[in-house]
Amino acid sequence: MDVPRIVKTQITIGELDPPADLISGVNDGKVQLLEVVKALGEYLTSVEDGVRLKGLTFLSNLLKSTTPSKFNRPATVTLTRFFTSGVDDFDSLPPSLSALLVLSKLPTFDDDAAVEVYRAICENVNMKAYTQVVRNQVYQLFDSFLASHRNALKSMGADFLNSYTKMVDGEKDPRNLMLLFAMDRVILLEFDISQLVEDFFDITFCYFPISFRPPPNDPYGITADDLKASLRLCMSATPLFAKMALPLFLEKFATAVGPAMKDLMLTMAACFPTYGAAAVSERGTELWEAIKTEILYQSDAGIEAASLSALESLMRAMYPTPRDSPTGLAQDIIKECLKLLEDPEKSQSLAATKALVAMFKSTASVGPFVVSQTLPHLFRQFNHPTNPSHRAPILWSLTSLLIAASKVYAPPGSPRQYSHERPFEQYREALMDTLREGLRTNGLKEPAARGCVALSEIPGLWSRTEVEEVVRGMGDIVLNERNADVRKAVLKSLTTLAQNFPASIESTTLPLLFHALPDSSPPMADASGRDKYRSVLSSVAELCFLPALFEILVIRTLNKLDVIASLSPEGEQRECEVAYSFDILNTLHGVIVKKLEAKHADVVKHFDTVIPRLTGLAVEASKGRVGGGVPVWRDKRLLGLLGKVVDRLVWELPAERQAKYLISLHGAFDRGEMGGIVAGSVQWTAGSPLRTGAPPSEQNLIVLYSSAIQALKPDTALPFAPADLLAKLINWTIHLGTAAFQQHYALELITAFVNKRYTFPGMEEALTSMMERVWVGDVQDLEKEEGVRRRALAVFLHITRGLALVRHSLAYTSVERVVDVLKLASYDPVIVGEAARGLGVIAKGKGEDKSSHLTAKLLWAQKMWNFALPKLMEGDADAKGRERLVYLSAFASLLPLVPASLLASDLSNILPLMIRTLSLPSAAERAHAITSLESLLETSNASLAVDSLVHRYAETIVEGLLKSVGEVPEMGSSAVVRGNALRCLAAVPDAIRHEALSSLKPVVLRDLGRALDDPVRSVRWEAVECRARWYKYK
Amino acid sequence: MPQLQLIASPQSHAEPAWAVAFNPKRNLLASCSTDKTVRLYSYSLPSSSKPVHQHAFPSASSDKPVIHHVKTIETEHKRTIRSLAWAPSGKTLATGSFDSTVAIWEELDGDGDEGEEEGQEGVYKPKAPTKVSGDVDMDDDDGDEGQGERDVKEWECVTTLEGHESECKTVGWSADGALLASCSRDKSVWVWEVQPDSDFECIAVLMEHSQDVKNLSWHPHEEILASASYDSHIHMQWDDPDGDWCIFQKLHPKLPLSQINIPRSDAAASPSQGQISAYNSLVTALLPTPEEREAETYLNVPPLLEDETVWSLAWSPCGRFLASGGDLGGIRIWARTGNNPDSPFVEIAHTAAHSRSCFTLAWAQGGTLLAAGGLGILASAGADGKIIVWQITTPVSADGAEADAPSKKPKVSIAPIAAIREAHGVADVNCVSWLQREDGGGQGVLASCADDGSVKVWRVVADAE
Amino acid sequence: MSRQLDNDNPTIFAPTAPATSARRKTGKALLWDDRADEFLDYDEEDREGMGEADVGRGEREEIDAEEVFDLLRSITDPEHPVSLEQLRVVNPDDIFVSGNRVLVYLTPTIPHCSMSTLIGLSLRVRLMRALPPRFRVDIRIKEGTHQSEHAVNKQLNDKERVQAALENQHLLQVVEGCLATAGKRGREPAA
């Protein structure tokens, strides 16, 4: 490679970044660095500044991209010398520095070089003359020296320190300061600055307090806090600063406000310990006076906190070890605080408490002393208050101390052990008396409870007996307290306490609570009785969330349900028992859900108790019986909730356990072997609940079957051929399980089953033929009775839904079929209308319930939408007059399928359709359209195209919405659609510019005025919101 | 027994409508609103509308006048237009706005010298002033008054009167149109002199009210100006011959409230079905409904203890009586006790009328004949949504001369003859105004406007439909 | 703010819990936890297993004092960043509704509070916007809680002054400021 030529051309064309081949040449040894230097020779030594600069820069750039190993010793030395010679020249400095920085990092760059270069710079560079970028280069270089040649610099002694302080003096640039502060700290910590304390004090403290507001879009993103923090590290680096720093702090107090004051406090907190007892004690009193003001009168929480930590640190500095007896200042401070506590209702007394807490936290010397000084005082006040209203704040003060204590002693491995300090020993009785009193007295219960928890958490303080006593007290509050807030607060404390002492809760609280649950519901009129048991239920729910206590909840609730189920109440009272059972079961369900979310492992192991016993209740109740009232457990709300519990627990079972359960479940629903799914024995002779001629009560058990199968894992082994089951279910759903309740669970079952098992051998064919049969044989057969055709259609659509989720081809052909029949609007109105709305089934997708177990493939919804939409638009275009309505309603029903973002793509076609749907007679269909429209408006500003479209149709949209707000003749209305319309209208002002609608505003406000009088409160709520927004619309 | 019959509710303003007024010369009605527009409506009376005698009301079944909206003037006002007033000439309109200004409007003439004529084409031409109104033979040579305004040209703001510091509440022209008065939230009443080329000079600023001046009203034929205020006083002012414009009397209401006296049903005399139903509808309109009573007792709203604001004023056509409407809904009648311009007024009656503020009063000829002591019909309306028409009469002695000389304190009776509740649905009624034509046509036609922006036109009919 | 507050340290009370749903429910509804609603879809069909239809469906829910209170509770005080409810300026027990009439008493934080008129105005504007127009609203200072109680009452109920105030941009901004939070109605704002 012809190095000289390359170099020549580069320099002449002024391209100062060395070409790749040269770099690689150097890096794989083909070219020696010194060759290049030689080649550059004439330029590097040129008398013309410009030329020389080019040479320098070129070389410097080359070094940057050269691998360290390529610098041999001689090269390093020469280059270093060469570039060092460049530092005295203004223009040459920058390239020289960057070269030197590269070199300084090399192993071949030795201590002497470092010192040499450092000296050269200090002697030749006038920092003030350069921009912060160049200055930064200098600091970088120093930093690199400090990193790799610290000792060399140390050995320079005062010589280095002097020059350093001069070099960095007066720097202002935040980025550079960050670097300097880092270096300063190293020097302060490691170098002997005792001779130059003042200089370092000056270059450090001159920046304090930092008042720096980062410039907008600062590339280095340095914040004031970054600077403060790293400066703080310097200020607190050496005790040598103490003599000068403390007076400075004290004088800063006069002026500092806001952030500066906070900074001052935090800085002192950081400094005191390093400055040490001797120095700090000298100014201790003055410091306290200064800090005190902020603690007592500061309104800003941040500053107050900072002041408290300053106080804490002051104590740390003055009384570091247990051997330092807390005489003098500590004593005085405590005296002052106790004085302030004399009037507990003053805000100062709160501050005083905080101060005492801070002191307690400080050290093993001060902490116990605080307790010994404060507690007797508080007890005295508590027992003989000058004014009864004082007791609450006093107790809060006490509790605050106790909480602080638990924070200090409780954490495992904490430096301070209770067993070493034992501050509370001599007050055991007094404390217990006070807390006992508190738990008994209104207004004191909450602080007392908190105090109890705190004490209970301090290791080795309380014995079980003490814990149980307070647990009993708290349990009593949870049970009987009328004030809900207090009840909640105490319950919260009790729950915390339960984590350490589950046994005590189990033995005292829970029996108390469960005992308070009546064996039968209070009568309809007894609202207070109902509130009582609801509050008890919510309490046990809180407590039994803990694994240690969950089992008790299970047992107790199941027993209670058994008891209620054994009653045979009539009429109104029956309704009450149903509601009571519902609340109990719902409590259990709620805890289960919460535990599963918290990944508690102990839930599943209760499957074999919970499910069979609950199932037993349902099965027993479903049996045909002579005389007696209608059993509680025939209630669909209970059954529905039971379904949820089954679903939850089955889903948690591992596949093989599921399979095992499924066998018995199938036995029950296929052959009527109910014994297999209920706890204990059951007299069941009837046969399968799904048999022809089974009474509705038995048919309703489908909820169990459905919930369990929906919760199956896809790989759970089935005890039957999937196709057979599906065939049976389809038949049952179309011809037997005709009640809405049964239909719901049967159809969900079908969807889930198809959705998870369509890949099973034989399923595809089976599905194809079954759907064919259902569609041709039932849906389209005008001979068949209407009910059958409707249900058949529902089945067809739910299968389609299951398949659509997995983007199965059958789904699309089926949808095509559905869209096809829409043509027959006037020929077969019933089914067509049903079919149009039916598309809503597919739009349901996985369903609202997050815990749905259906599997959905990516983009399934988009795919279905893109498939169906064109067909609908086509059909709509071809149809005439009223026949178009079905396409609109199909469109409306399908809308929920896709997010607004997707509508946006084809909006020019879709929006007009959406607007037309606003005039559909069916409230439900309009509701869909409006919801989509709303989300569309909410996102419209995102895209220009959408935005302009929305604006073009602004008035039509608003007028369309107003139709759904009020009652329009021959247009159905419902609270839902009115609510949606109002919400959507409320979204308009943010989405559409006022000019576009200014003329309509008065009209809208007037119509909304009517909506304010809606019969349904929730709708009025929306109307108020909406109207408020339109008033602001300008 | 008469009734109020709704004859038109033309398209309404977008926001609250505050005032309505019939043009004294042309077949025009004007309304103004918070929406900063003035709307003009043209009306035409059925040719049969010549009254049998001047005070008779038409029958409910007779042809109704026709009203339709002809023009909307988008004004320059920056805030609510609170009031408007037609100059007696009918050519000039004044509007007073919350933006503190008064604007003067005139219709653009058609182009060229003929303009005047063309402009007047199809306009009802008044009789020469010598022909006293009420003259019996008044065959109209051009039946134009039968039709509405054919073409209404553009109206332009010819001048804007500035001077008030805050919301102008009412404007009014003196009887001869030589003076214009305006009053304001700034507690002042200004009197302007009309000069050639729509120039106005302020000749007096009266500042003696201690609170907003809500309303003012000129004497029907003398230069006496009454102003009513939030400070609950009515000031009577005039141009003192040996001095400036000044207040010659400050009236402060004293009389306690007396119950509405609903006249005995003359149904007894002629018990026609119509009469009875009319009577009942009057009673139900006037008396609170059971629900209202219940609400009243349940809420028992504490009364406002400060003296009540005087919201509205109206002179009797004869000029000897002044009616005032108060915030508590009552109507007071003040009588002049002498014949000098500045003879003092006394409060002679205070009748319960509305259940909330009485925002507006309008007093016109009609009803009982003068000879029978008829002082005309007074319309009142307010925040309770009702419009009530009262027959005001003063007792007459056998010889037909009035019972008492003006010097003594005259008596009047105030009797409701027709009333309607929820005249504008749930909205407050802000203003009522009678149609008064020198030919006496359109007797008992009344316009009203309300907070919901609606404008309605009614007429008093002799009997129920 | 630099301006001297009329009442620079008012007593602040914890807001009461969002409108208790108790009064909304009657008979059967009271019996059922809201969580049961999702299972109620089937109650039209056979009553067997259901008990009688649950009462109170579709009947008009009248606007009552509590609802009016909800409209007002979260309006922000002109001087402090807290709600009128927290300052106890409006209280549920001081609101009365009957027929088409509403009566609201407001309790100034201190007897010489110059803000009372402004607060009253905010209340009026809020109710103008949020109550059906059929309602006639009277606003009164709670008796004996303000030195110029009657003067303020008279002002608050002068509709001309209210209308004028609404056209005064500066004033309107202040009012809008107070109303900005009104939508919370005792709840935390929806995120």
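A short tour of the structure in this document, coming up. As the structure is a prediction and not an experimental result, all values here were calculated from the model.

**Remarks on the overall build of chain A**
When helices and strands are tallied, chain A shows 50 helices and 0 strands. Across its three principal directions, the C-alpha atoms of chain A cover 110 × 90 × 65 Å. Every one of the 1034 residues in chain A was classed for burial, and the buried ones make up 56%. A sequence separation of at least 24 residues applies to 73% of the contacts in chain A between residues at least 6 apart. Total accessible area on chain A is roughly 42,300 Å²; 56% of this is exposed by carbon and sulfur atoms. A gap of 4 Å separates the mean positions of the 112 positive and 119 negative side-chain charges of chain A.

**Considering the packing of aromatic side chains**
Counted by the stated rule, this structure contains 38 aromatic pairs over all chains. Ring centres of Trp190 of chain B and Trp192 of chain B lie 5.4 Å apart, and the angle between their planes is 25°; on these two criteria the pair is classed as stacked. By relative accessible area, which is 15% here, Trp190 of chain B ends up buried. When its relative accessible area of 5% is taken as the criterion, Trp192 of chain B is described as buried. Taken together, a centroid distance of 5.7 Å and an interplanar angle of 75° make the contact between Trp315 of chain B and Phe345 of chain B edge-to-face. Placement of Trp315 of chain B in strand S18 (residues 310–315) and of Phe345 of chain B in strand S21 (residues 345–351) is noted, with a sequence separation of 30 residues between them. By relative accessible area, Trp315 of chain B is classed as buried at 5%. A residue is classified by how much of its surface remains accessible, and Phe345 of chain B, at 3% relative accessible area, is buried. Aromatic ring contacts, followed pair by pair, group Tyr118, Phe142, Phe160, Tyr164, Phe191 and Phe200 of chain A into a single cluster.

**As for the side chain of Arg926 of chain A**
Residue and element names in this part refer to chain A. Relative to the elements of secondary structure, Arg926 occurs in helix H45 (residues 923–940). Owing to a relative accessible area of 1%, Arg926 belongs among the buried residues under this scheme. A polar atom in the side chain of Arg926 sits 2.7 Å from the backbone oxygen of Leu920. At a separation of 2.7 Å, a polar atom in the side chain of Arg926 contacts the side chain of Ser964. Ignoring sequence-local partners within four residues, the contact set of Arg926 consists of Thr917, Leu918, Ser919, Leu920, Pro921, Ser964, Met971, Gly972, Ser973 and Val977.

Here is what the cut-offs are and how they apply
Residues numbered from 1 in each chain as written. Chains lettered and ligands numbered in written order. Predicted model: local features only at pLDDT ≥ 70, side-chain atom pairs only at ≥ 80, totals over all residues. Heavy atoms only, no water. Helix = DSSP H or I, 4+ residues; strand = E, 2+ residues; numbered from the N terminus. Buried < 20%, exposed > 50% of the residue type's maximum accessible area, 1.4 Å probe, protein only. Contact = heavy atoms within 4.5 Å. Areas by Shrake-Rupley, 256 points an atom, 1.4 Å probe, with all protein chains shown as cover. Lys, Arg positive; Asp, Glu negative; His and termini not counted. Charge placed at Lys NZ, Arg CZ, Asp CG, Glu CD. Phe/Tyr/Trp six-rings, centres within 6.5 Å; stacked < 30°, edge-to-face > 60°. Polar contact = N/O pair within 3.5 Å; in protein donor to acceptor, adjacent residues only side chain to side chain.

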